[in-house]
Amino acid sequence: METITMYHGAASMGAAPMIFFRLEDGQQTFCHATGIKAWPEDAFSDQKLRQELEQHKLAMCKAYTFMQLKRMDMNSRIFELQVQRVMTDETGFVRRNTMEPVYNRLIRYLEEAHRDGVIGQGRYTLMLGKARKLQRFLTIKGLSGITAREFTADLLLDYRQFIYDEYQYASQFPQLYPSGGGKHAPRRRCKDTTVVHDLKALQAFFRELEDTGEIRRSPFKRISFEKRRSIMHVMYDAPIFLKSDELRQVMNTVVPPDLQQTKDIFVLNCALGCRISDLKRLTMDKVAVSDDGIPYVHYIPSKTARSQTTNQEIQTPLIQPALEIIQRTQLAFNGHNPKYEKQVYNKSLRRLLAYCGINRQVCLYDHELGDNVYRPLYEIASSKLARKTHVDMLTKVQINYYAAGLHRKGSEAVFRYTTLELADRYTLLCAAFEHPPLRLSASAPTHPQK
């Protein structure tokens, strides 16, 4: 068993001598210089000095045990390095107790990222919801004061399981799940996609702290590569979109007045292919006519606006049905009703598609059953359906860049040779939606004539 004894160096010119410690285990002897100068009697009478010397002794014990466990070279140089490492960690431990809790630090990280333009308003709001989920987990576990440095890999895996099964805690902790204002407690087991997205958001947070030196290592890096790849893997369902005849069926169906606005938004969104958040932001000053008479809308996508390297706008030509909706509505449905949130739109969209008879059976993977299930398309429709429909219809009329055999599949060279201009994309849109192209005067009004 090792023993530690204290001794003093030689005093010089009346100055207090240096204090040393010696560790002996019966076979080897290691010495450690504390860097503290004090008279021998002070080492026993001064309480603050005694506490400081005890820290050095404890660091020596920890360093010696660590070297044995890691089968390190047992020599004085390595021993002193390990003592210094432990002393640094001990100092860090004092700082760790004064660090802000991990939830508070996460909120500050999000606020700074939003302030600095790293994330937009939509993602900021979404991330706040994920942060509250972490807060609920820590509160239920009784760890609300834990810091980022104390967030272990085991705790991370517990959090992953909590995301899956949070619905089981809602009835036990009703105070953590206030209802109203569009908020409600989870009612079923989360899907893999939700869990992986939540973990990736947390991973980005810990990567930030690791990059800035606030933590030594992210808890994600304390998980083996195989396990990390497994828990961060997600399988997506096949993309669901309307076929061209189904979209025409929606466009040609006369709907009740309470579904007309939903129909206008959906058809216009299919024609533009933008995100629903960008569609709601469109105003009439974003509608224009090109020099060669092609009507189009132009906008900067809100999701990627702050992360783009340029301020180049997206320009989307307007086919005849889209132009008719814009001229008739003047885009008055966008943002004018604060209660018309995405969830309300999604419910109305499902009613619209059911009314139009869009009941094709589509395949979805049920995580609880562990098998595919089939449901009518109108039951699972959401705001993303229009964007997927737009992309699919354009893909089916666009010529494959590599069909000529001039370049290997995947080569990026073709994109340096040419680009699709507004007129080209307008031709593709008209072909995809089977509407004849039209030309307006560059000074033609985009609003209905009185």
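Scope of this entry: the structure provided in the associated data block.

What counts as what
Residues numbered from 1 in each chain as written. Predicted model: local features only at pLDDT ≥ 70, side-chain atom pairs only at ≥ 80, totals over all residues. Heavy atoms only, no water. Pairing = 2+ DSSP bridges. Helix = DSSP H or I, 4+ residues; strand = E, 2+ residues; numbered from the N terminus. Axes fitted to C-alpha atoms, helices over the stretch in contact; angles between N-to-C directions. Contact = heavy atoms within 4.5 Å. Parallel < 35°, antiparallel > 145°, perpendicular 65-115°, else oblique. Nonpolar A, V, L, I, M, F, W, Y, C, P; charged D, E, K, R; others polar. 1 Å grid on protein atoms, 1.4 Å probe; cavity = no way out; pocket = protein on both sides within 12 Å on 5 of 7 lines; lining within 4 Å. Points joined across faces, edges and corners; volume = space filled by probe spheres on them. Buried < 20%, exposed > 50% of the residue type's maximum accessible area, 1.4 Å probe, protein only. Patch = residues over 30% accessible without salt bridge, like charges linked within 9 Å, V, L, I, M, F, W, Y side chains within 5 Å. Areas by Shrake-Rupley, 256 points an atom, 1.4 Å probe, with all protein chains shown as cover. Salt bridge = Lys/Arg side-chain N within 4 Å of Asp/Glu carboxyl O. Lys, Arg positive; Asp, Glu negative; His and termini not counted. Charge placed at Lys NZ, Arg CZ, Asp CG, Glu CD. Phe/Tyr/Trp six-rings, centres within 6.5 Å; stacked < 30°, edge-to-face > 60°. Lys NZ or Arg CZ within 6 Å of the ring centre and 35° of its normal.

## Some thoughts on the sheet that holds strand E2 (residues 18-24)
If you trace the three strands from one edge of the open sheet to the other, you get E1-E2-E3, paired in antiparallel fashion. Of all strands in the sheet, those with a lone pairing partner are strand E1 (3-8) and strand E3 (29-37), marking the two edges. Within this sheet the neighbouring strands show an average axis-to-axis angle of 25°, counted without direction. Judged from the six bridges that link them, E2 and E3 form a sheet pairing that is antiparallel. Of the residues in E3, the one forming a bridge with Arg-22 is Cys-31.

## Digging into the sheet that holds strand E6 (residues 314-317)
Read across the sheet, three strands follow the order E4-E5-E6 without closing on themselves; strand pairing throughout is antiparallel. Each end of this open sheet is capped by a strand with a single partner; those strands are strand E4 (287-289) and E6. Neighbour-to-neighbour, the strand axes of the sheet open up by a mean angle of 35°, direction not taken into account. In this fold helix H17 (residues 422-433) packs onto strand E5 (295-299) and E6, with an angle of close to 45° to the strand it touches most, E6.

## Here we look at the packing of helix H4 (residues 102-115) against helix H5 (residues 121-141)
The contact between H4 and H5 brings their axes to 10 Å, and the two run at 175°. With respect to their mutual orientation, H4 and H5 come out roughly antiparallel. Of the residues in H5, those touching H4 at Val-102, Tyr-103, Leu-106, Ile-107, Leu-110, Glu-111 and His-114 are Gln-121, Tyr-124, Met-127, Leu-128, Ala-131, Arg-132, Leu-134, Gln-135 and Leu-138. Across the contact of H4 with H5, the residue classes break down as 11 nonpolar, three polar and two charged.

## What about the side chain of Thr-253?
Relative to the helices and strands, Thr-253 is located in the loop between helix H9 (244-252) and helix H10 (257-272). Other than its neighbours up to four places away in sequence, Thr-253 contacts Lys-263, Tyr-355 and Cys-356.

## Observations regarding the layout of surface pockets
Roughly 490 Å³ of volume is contained in the second largest pocket. Considering the residues around the second largest pocket, the lining is formed by 21 residues, among which Leu-272, Thr-316, His-390, Leu-394 and Arg-425 are closest to the centre. Every element with two or more residues in the lining of the second largest pocket is listed here: E6, helix H15 (384-395) and H17. No other element matches H15, which puts five residues into the lining of the second largest pocket. Classifying every residue of the lining of the second largest pocket gives 11 nonpolar, six polar and four charged.

## Section: the pairing of E5
Both faces of the sheet carry side chains from a regular strand, because those side chains alternate between them. Counting buried positions along E5 yields five of five residues, so the element is predominantly enclosed. Burial along E5 is two-sided: the residues Pro-295, Val-297 and Tyr-299 and Tyr-296 and His-298 are all buried. Where E4 meets E5, three bridges bridge the pair, whose relative direction is antiparallel. Among the inter-strand pairings, Val-289 is bridged to a residue of E5, identified as Pro-295. The antiparallel pairing of E4 with E5 creates a hairpin that spans five residues between the two strands, and Gly-293 there sits at a positive phi of about 85°. For E5 and E6, the ladder comprises four bridges, and the chain directions are antiparallel. Bridge pairing in E6 places Tyr-299 opposite Ile-314.

## A look at a positive patch on the surface
A surface patch of positive charge is lined by Arg-187, Arg-188, Lys-191 and Lys-347. Within the fold, Lys-191 resides in the loop between helix H6 (153-165) and helix H7 (192-211).

## A short note on the packing of aromatic side chains
For the structure shown, the criterion picks out 11 aromatic pairs. Measuring from centroid to centroid gives 5.1 Å for Phe-137 and Tyr-159, while their planes differ by 55°, and the two rings are tilted. Taken as a pair, Phe-137 in helix H5 and Tyr-159 in helix H6 lie far apart in primary sequence, 22 residues in all. Here Phe-137 falls in the buried class, since its relative accessible area comes to 0%. Aromatic pair Phe-137 and Phe-162: ring centres 5.3 Å apart, planes at 50°, arrangement tilted. Highlighted residues: Phe-137 in helix H5 and Phe-162 in helix H6, separated in sequence by 25 residues. Here Phe-162 falls in the buried class, since its relative accessible area comes to 4%. These aromatic residues form a ring-pair network of at least three members: Tyr-109, Phe-151, Phe-205, Phe-206 and Phe-220. Above the face of the Phe-66 ring, Arg-85 is positioned so that its terminal group lies 4.3 Å from the ring centre.

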